[in-house]
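Letter by letter, the chains look like this.
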Amino acid sequence: MTLLVVLTLGLLTIAAANAVSPRLRVPPALLLVAVGVLAGLSGLVPSLALDPEVELAVLLPALLYAAAASMPATVFRREFTTVKSLSLVLVVVTALVLGLLFWWLIPGLGFGWGVALGAALAPTDSVTPGIARAAGLRGRVLSLVQGEMLLSGASALFLVRTVMFSAAVSFEFWLTVGQFFRAVFLAVLAGVLAGRLMLWLRSLVFKPAVSTVFSFATPFLASIPAELLGASGLVAAVTAGLATGRGALNWLNAQQRISDEHTWHAVEIVLEGAIFLLLGLQLPHIIAEVQHENASLGLAMLVSVVGFVTLLLVRINFMQPVLRSMDRRLHRDVQRRVRVETRRQSLPGDKVHPRWESRLRRWFADIAYQSAEPLGRNSGFLIAWAGVRGALSLAAVHTLPETMPHRGMATLVAFTIVLLSLLVQGLTLPLAARRLAAPRDLEAQQQQAQRLVAYLEEAASEPAAAHPGQATARTDPRYAALARARDEGGFDIEVLDAALRRLDAGELAEAAGH
């Protein structure tokens, strides 16, 4: 009965925090951590601890799947080069810099364990996109923040496990690199297969609620085989989410997609809220562990503050070469586009294969997308500042072995840095966004919306083609046209989403009429 009361109070607290968060202009995660800390220190709530394996194997795959399914695959593809830099290179750089710092500040820790702690603090958390979106970030800045979050956690956990493995046996660089690429390949393969298999299966189901229940199994159908093969279950879950998001328009009807959207959003609220509520409840246990080691709480606070400032400085400075690289790629692609267009105009129309013509249109649309919203120094700062740390970092620290020197202090340092990140970055990001974010071109979006409406009306006269394997053939050809427009990338995602909502509303009204 006590556990049932705690669960009920926890759900009510999560719902209340998300309800009052917009009015207070405070991220729900920070409110829940504060409530958890107060409840834990008061002694009124029994000691509860979230098993890190449960978080890494159950909660995070579900959260990352939901986030990936809601991220347009076209945007992820366009930003993938930069996302790789943020989620791979930046994670390694952050781990090494923090590792040196912790090695220097914590006597007896050792450089290897310092790198492991730095790697645990390197990834951004699953709440980052929500905080960034609530702060007013939009467009490419939000896309990069979300893309980094999807992959940085898997990179950091691989680095933590590599450090732990090298502490037990001799470290071989090329063997580790080979294992990394093998793990990524198997994870992507498992994710794609799971995502497509579940889309096909759900297309045979007519009840939206049952279809959504099937979707609950998708992240685990991807992550479990990946883990058994020695790959990353988190990458597999992300890949399954991207595959689901890309194929949902072709395989699922409006009722199924809307049911997925609302149900998974509620699941995200509950899971993220539970993680941060339990995170706050763990503080008394962490302090007791530090005191058991006879470690200095003052030193832990000093290391935490210096580590947090260093973490921010590394991110901010790393963005400068990333932005310069993006500018060089865009300049090179613009020059190549001029040469390709000149060459194409000199050829007869029937000399260009339709498939290559479609690829060229997509490539031209990618260049136009990047040219329409170039990222400058202000955007780079916002991307760096939006990289909030959270429960993933503490879960990664908890996977470190009991034999690690100063493990209690390392856990307290990670907890304090997470708290500082939520407090400082989470509260100041809205102000930074208002001052630094580029204004949205509403007129250009309106023109795009008008062009898309005309494009869909033209497609309405075409005969509809059912997707292979779909149980019920969609009779409105505008869905197929919308999918083509999305894949070719000629329209902003917000414009496409608005058009899809209008089509779905019409389909739901028609279904209700029957």
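Residues numbered from 1 in each chain as written. Predicted model: local features only at pLDDT ≥ 70, side-chain atom pairs only at ≥ 80, totals over all residues. Heavy atoms only, no water.

1. Observations regarding a nonpolar patch on the surface
Part 1: Taken together, the side chains of Val92, Leu96, Leu100, Trp103 and Phe111 define a hydrophobic patch exposed on the protein surface, amounting to about 460 Å² of accessible area.
Part 2: Among the elements that take part in the nonpolar patch, helix H5 (residues 80-105) stands out by supplying 4 residues, more than any other.
Part 3: Examined against the element boundaries, valine 92 turns out to sit in helix H5. (Patch = residues over 30% accessible without salt bridge, like charges linked within 9 Å, V, L, I, M, F, W, Y side chains within 5 Å. Areas by Shrake-Rupley, 256 points an atom, 1.4 Å probe, with all protein chains shown as cover. Salt bridge = Lys/Arg side-chain N within 4 Å of Asp/Glu carboxyl O. Helix = DSSP H or I, 4+ residues; strand = E, 2+ residues; numbered from the N terminus.)

2. Side note on the environment of leucine 56
Part 1: Summarising the element assignment, leucine 56 is placed in helix H3 (residues 52-70).
Part 2: For leucine 56, a relative accessible area of 10% translates into the label buried.
Part 3: Considered as a pair, leucine 56 and isoleucine 224 are 168 residues apart in the sequence and their alpha carbons are 12 Å apart.
Part 4: Once residues within four sequence positions are removed from consideration, leucine 56 is found in contact with Pro61, Leu157, Leu234, Leu392, Ala395 and Thr399. (Buried < 20%, exposed > 50% of the residue type's maximum accessible area, 1.4 Å probe, protein only. Contact = heavy atoms within 4.5 Å.)

3. Here we look at the packing of helix H17 (residues 391-398) against helix H18 (residues 407-436)
Relative orientation and spacing of two packed helices are given, respectively, by the angle between their axes and the distance between those axes.
Part 1: Interaxial distance between H17 and H18 falls to 9 Å at its minimum, and their mutual angle equals 175°. Judged on the interaxial angle alone, H18 and H17 are roughly antiparallel. Here Ser393, Leu394, Val397 and His398 of H17 lie close against H18, whose contacting residues are Arg407, Ala410, Thr411, Ala414, Phe415 and Val418.
Part 2: Residues of the contact of H17 with H18, tallied by class, amount to 6 nonpolar, 3 polar and 1 charged. (Axes fitted to C-alpha atoms, helices over the stretch in contact; angles between N-to-C directions. Parallel < 35°, antiparallel > 145°, perpendicular 65-115°, else oblique. Nonpolar A, V, L, I, M, F, W, Y, C, P; charged D, E, K, R; others polar.)

4. Some words on the side chain of aspartate 125
Part 1: For aspartate 125, the position within the fold is in the loop between helix H6 (111-120) and helix H7 (128-135).
Part 2: The side chain of aspartate 125 is buried and forms no salt bridge, while arginine 389, the nearest opposite charge, is found at 8.7 Å.
Part 3: In terms of polar contacts, aspartate 125 uses its side chain to reach the backbone amide nitrogen of leucine 392, at 3.0 Å.
Part 4: Contacts of aspartate 125, omitting those with residues within four sequence positions, involve Met149, Phe276, Val388, Arg389, Gly390, Ala391 and Leu392. (Lys, Arg positive; Asp, Glu negative; His and termini not counted. Polar contact = N/O pair within 3.5 Å; in protein donor to acceptor, adjacent residues only side chain to side chain.)

By themselves, these are just geometric observations and shouldn't be taken as functional.
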